[in-house]
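These are the residues of each chain, in order.
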Amino acid sequence: MKAIRRFTVRPVLPPALDALGVLASNLRWSWHEPTKRLFREMSAELWESTGHDPVALLGAIGTDRLRQLADDRGFVELANGLRSDLEVYLREPRWYQSLGDDAPTSIAYFSPEYGIAASLPQYSGGLGILAGDHLKAASDLGVPLVAVGLFYRAGYFSQSLSAEGWQKESYPVLDADGLPVQLLRNADGTPVVVTLAMPDGGALSARVWRAEVGRVPLLLLDTDIPENTAEYRAVTDRLYGGDTEHRLRQELLLGIGGVRAVEHWCDLSDVTFPTVFHTNEGHAGFLGLERISSLIGQGLSFAEALEVVRAGTVFTTHTPVPAGIDRFDRGLVARYLEGGDLLPGVDPGDALALGAEPGDGGDGGAGGEASAFNMAFMGLRLAQRANGVSELHGDVSRGMFQKLWPGFEQADVPIGSITNGVHAATWTDSRMVRLAEERFGTTDTTSVDWQSDALSDDDLWRVRREMKQALVADARERERALWLEQNRGGITPDWIDQVLDPDVLTIGFARRVPTYKRLTLMLHDQERLTRILTDPDRPVQIVVAGKSHPHDEDGKRLIQKLVEFAQQPAVRGRIVFLTNYDIRMAQVLYPGTDVWLNNPLRPLEACGTSGMKAAMNGSLNLSILDGWWNEYFDGVNGWAIPTAPGEGASEERDLFEANALYDLLETRVVPEFYDRGDDGVPRAWMSRVRHSLAHLSPELSAERMVREYVENLYVPAARSRAALAPENPRPARELAAWKQRVRGAWPGVAVAHVESGGLEHVPQVDDVLRLRARIRTAGLSSDELSVQVVYGAASFDGELTSTRVVELRPAGGGESGETVFEGEVRLVHSGGFGYTVRVLPRHPLLAAPAELGLIAHADDAPSDAAAEALGRVPSLLGQTSVPSTPGGQGYGGSASDTGFGDASSDGFDDRAHEGHEADGSEAGPQGDAAHTDGAHVDGAHVDGADGDGSHGDGAPSDRAEG
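What comes next is a walk through the structure. (Residues numbered from 1 in each chain as written. Predicted model: local features only at pLDDT ≥ 70, side-chain atom pairs only at ≥ 80, totals over all residues. Heavy atoms only, no water.)

**As for the sheet that holds strand E20 (residues 595-598)**
Thought 1: With parallel pairing, 6 strands are arranged side by side in an open sheet as E19-E18-E17-E20-E21-E22. Of all strands in the sheet, those with a lone pairing partner are strand E19 (575-578) and strand E22 (638-641), marking the two edges. Strand-to-strand twist of the sheet, defined as the mean angle between neighbouring strand axes without regard to direction, takes the value 20°.
Thought 2: Against the sheet, helix H19 (residues 526-533) contacts strand E18 (540-545) and E19, and its axis sits at roughly 115° relative to E18. (Pairing = 2+ DSSP bridges. Helix = DSSP H or I, 4+ residues; strand = E, 2+ residues; numbered from the N terminus. Axes fitted to C-alpha atoms, helices over the stretch in contact; angles between N-to-C directions. Contact = heavy atoms within 4.5 Å.)

**Notes on the pattern of salt bridges**
Thought 1: This model, assessed by the stated rule, comprises 57 salt bridges.
Thought 2: Among the salt bridges present, the one from Arg210 reaches Glu212, with a minimum N-O distance of 2.3 Å.
Thought 3: A residue is classified by how much of its surface remains accessible, and Arg210, at 26% relative accessible area, is partly exposed.
Thought 4: Here Arg688 makes a salt bridge to Glu672, at a shortest N to O gap of 2.6 Å. Of this pair, Arg688 sits in helix H25 (residues 683-699) while Glu672 is found in helix H24 (residues 651-673), placing the two residues 16 residues apart along the sequence. Glu672 matches Arg688 in its accessibility class, with the two residues each being buried.
Thought 5: Taken together, the shared-partner salt bridges connect Arg153, Arg207, Asp222, Asp224 and Arg233 into one network. (Salt bridge = Lys/Arg side-chain N within 4 Å of Asp/Glu carboxyl O. Buried < 20%, exposed > 50% of the residue type's maximum accessible area, 1.4 Å probe, protein only.)

**Some remarks on helix H7 (residues 126-141)**
Thought 1: In this model H7 runs 22 Å from its N-terminal to its C-terminal C-alpha over 16 residues, within 8% of the 22 Å that 1.5 Å per residue would give.
Thought 2: Most of H7 sits out of view: 15 of its 16 residues are buried.
Thought 3: Looking one or two residues past H7, Gly142 carries a phi angle of roughly 80°, positive in sign. (Expected span 1.5 Å × (residues − 1).)

**Observations concerning helix H6 (residues 73-91)**
Thought 1: A rise of 1.5 Å per residue sets the reference length of H6, with its 19 residues, at 27 Å; its end C-alpha atoms lie 27 Å apart and thus fit the reference within 8%.
Thought 2: What H6 keeps buried is the set Phe75, Val76, Ala79, Leu82, Leu86 and Tyr89. Axial view of H6: buried residues confined to an arc of 145°, hence all on one face. Away from the buried face of H6 by more than 90 degrees, exposed residues Arg73, Glu77 and Arg91 are located.
Thought 3: By the N-cap criterion, in which a side-chain oxygen at the helix start approaches the backbone nitrogen of a residue two or three places on, H6 is capped by Asp72, the distance to Gly74 being 3.1 Å. (Arc of directions from axis to C-beta. Polar contact = N/O pair within 3.5 Å; in protein donor to acceptor, adjacent residues only side chain to side chain.)

**Topic: the environment of Glu307**
Thought 1: In this structure, Glu307 sits in helix H11 (residues 302-311).
Thought 2: Measuring from C-alpha to C-alpha, the distance between Glu307 and Leu735 comes to 7.5 Å, with 428 residues separating the pair along the chain.

**Considerations on the environment of Glu41**
Thought 1: Following the sequence through the fold, Glu41 ends up in helix H2 (residues 33-42).
Thought 2: Using a relative accessible area of 43% as the deciding quantity, one classes Glu41 as partly exposed.
Thought 3: Residue contacts for Glu41: discarding those within four places in its chain leaves Arg65, Phe75 and Leu78.

**Structural notes on the packing of aromatic side chains**
Thought 1: What the rule picks out here adds up to 24 aromatic pairs.
Thought 2: On the numbers, 5.6 Å between centres and 35° between planes, the contact of Trp639 with Trp685 is tilted. Remark: Trp685 occurs in helix H25 and Trp639 occurs in strand E22; sequence separation between them is 46 residues.
Thought 3: Given a relative accessible area of 1%, Trp639 falls into the buried group.
Thought 4: Ring pairing ties together the aromatic residues Trp461, Trp639, Phe673, Tyr674 and Trp685, which thus form one cluster.
Thought 5: Directly above the aromatic system of Tyr171 lies the positively charged group of Arg238, at a separation of 3.5 Å from the ring centroid.
Thought 6: It is Arg291 that lies over the ring of Phe277; its NZ or CZ is 4.0 Å from the centre. (Phe/Tyr/Trp six-rings, centres within 6.5 Å; stacked < 30°, edge-to-face > 60°. Lys NZ or Arg CZ within 6 Å of the ring centre and 35° of its normal.)

Everything listed is a geometric property; what it means functionally is a separate question.
Here it is, written out as structure tokens:
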């Protein structure tokens, strides 16, 4: 018999055990090994059966055991000591507190999902796990984040398989009383409720749950409350479920309701309202409109409020494909925005323009009828700084969003990158932590020298085998449970006890199952794979896990195909698919593998952090050069699977890359693993493992990632926001008016004439080329223009590569309406040489001149004289004149390879003033856009200059502003 409702009754702890309640209520326990050991000591059996959940453990443990523990002086002292340690952790200054006054006092972080611990299942995959790791690292570093998300009553889904291998989904409803969350309450004890006006006079209300992630509060909005109709109560029913309108309501609640929840939390906690907002993907994009609405209520116009909001907003994109972006019907969004009750003061036309797609007729470009409202485009227009999540993904994102910057090359698009990281304390197995403590005296596995003589190969090999034994035991238990579920009342067959072997080379593959991740690439030649798996002397085993979206039938078929192969008697026990991939499984799976396999279609893997987590535990990566592996593979820390020429999926590509995978396994990976000495330790293999641990552990840590966000995005955003503080509206008004004036004048800005001289003989390395450009300024002052020479190696067709930039100095007036700019270029390389001249707007409050999407440049179809200037060095003799055309007609020389959007070589850095060079080879660590404040990753964005329509700030334009 089943209960019609289930809920958790929390125990009344004896006073001596009060510390347990404090420790269980803060999710720091999920990455603090001493606290986890304390709860395990209470009851090892319950600790396992409750899924390592302290709240569930305290609810399940008997009163007799609690009395025993209360009488155990040693246990009580240990619990009290851990509570004291937590209190010190929460209040003591940490890294962030050393940064000084420029660092923002409060930062809001918005994400649609969070993977903190298995006991709080509010995640589906990598985006949520990344968000959880971001919060944990921010807590460890002392970063003053407040995080916002939604509380999904059924989480994502629980996965099982039919006997035929078809994925089945179930949605167990979560009991908030049994989770490590508490209601956010007003001073009078009533729950905080935020309300959004809905069409036709309705209202959507949500209460706010608060989880403590170390020092970081996480606010989760929940619509399952009596104030709502049945339809609105279901808004937060499950993650990524429902129809399009359901998703839109979720995202309106996350963005608009989330900002209002932060306001309540700040008032109740006496914390300053955040000046910096980080939008983790486009789902939370409406948060910018809510802040604009609030500023309009304080007396600013939409355009002025937009400047304030953009200055303090960071946008991170995680998707490498347009299909991964949320797009809503424009009419549907308009229905929610019209009437003015949802966002007081915001004209729906201004709001809709922010999400318009160029070319759809919706004020995002020329022609056609408006159809789609694009959440990523709105996120970019509402943020002055944006980034992808690996170097390669940054480049892919610049291509994907290039249409927002018409007239700019892909390399010029100002989207930077900060490569993801993983939280070492969460993902490093406790055995590895103990080994580091025993041999190096620290539990920080990212800071030790794994290649030191203080650690022997034998010790590391022993620990690695223990982790594999744990994986084998866990896999057998999961296989047994699945078999019993599929064969109720049956007796488990003997072969389940033979699944996997801790002494066999173990390959792991676990991730979501969209088709581009190619779960079944390994099955391309099943006979060859079978031979690899069943080799009598050097066998291989593969452990696979992953969920397909409930509506993705293609992904489900891939799972079924792999399960059918794994059920064949010849390979059964050598390849296994584990169901219901989640945090708890992953924490056993990653450490238990020798090799981590990743074979997506390049370049469709934005980052791919599963391989990072495996590497933290000494697993070696075997991967396509995509995502993070593209920048960190060094030839020793693993193997790179060759990629077929071209892009996109094809049978030929799969064949090429599958065969490359088999070849690597047969000729390099497997032989090296089984090349043993008399002691049974593979020395060459262990050398790779130690190299990988030593070099990757610090680089792949989430602390490195969060430090980069702070230094390169949050602090610069706080400076920009401080310069436009709404308490003094004048700077925002002046900036909005300046942008409008520059846009109006820009059609008349042009490179009128370029002269070069100074080379009176055949040019040689270290010669100096003098340049003079006459610029038609259209009434703009020389201080408002950045005139640059872009130069570098030139091919015979004039294409520039390996570019550098020189900022030209104003040198007085020329003809009427013109200003002369001058500078010098030193010829630092032999061979083909070329240059071009470009003009961009300049203002001290721009993160980069590309922000407006305006550029004027030399003609890309130059005259014979201009062709000489764009040709090889020997042609540049004496004087050369280059006539040019007005701005907006294309860019006559690509700043490819370095580009002013993704490297500090582009001259968008004030360090390039007065004729100094900005070298493409001197890009920041992630190769990201350079800015006037010198931060390497502050990619600035166009505020809506998408061509011939209106801009993101509502200022209309009659022509393309490229």
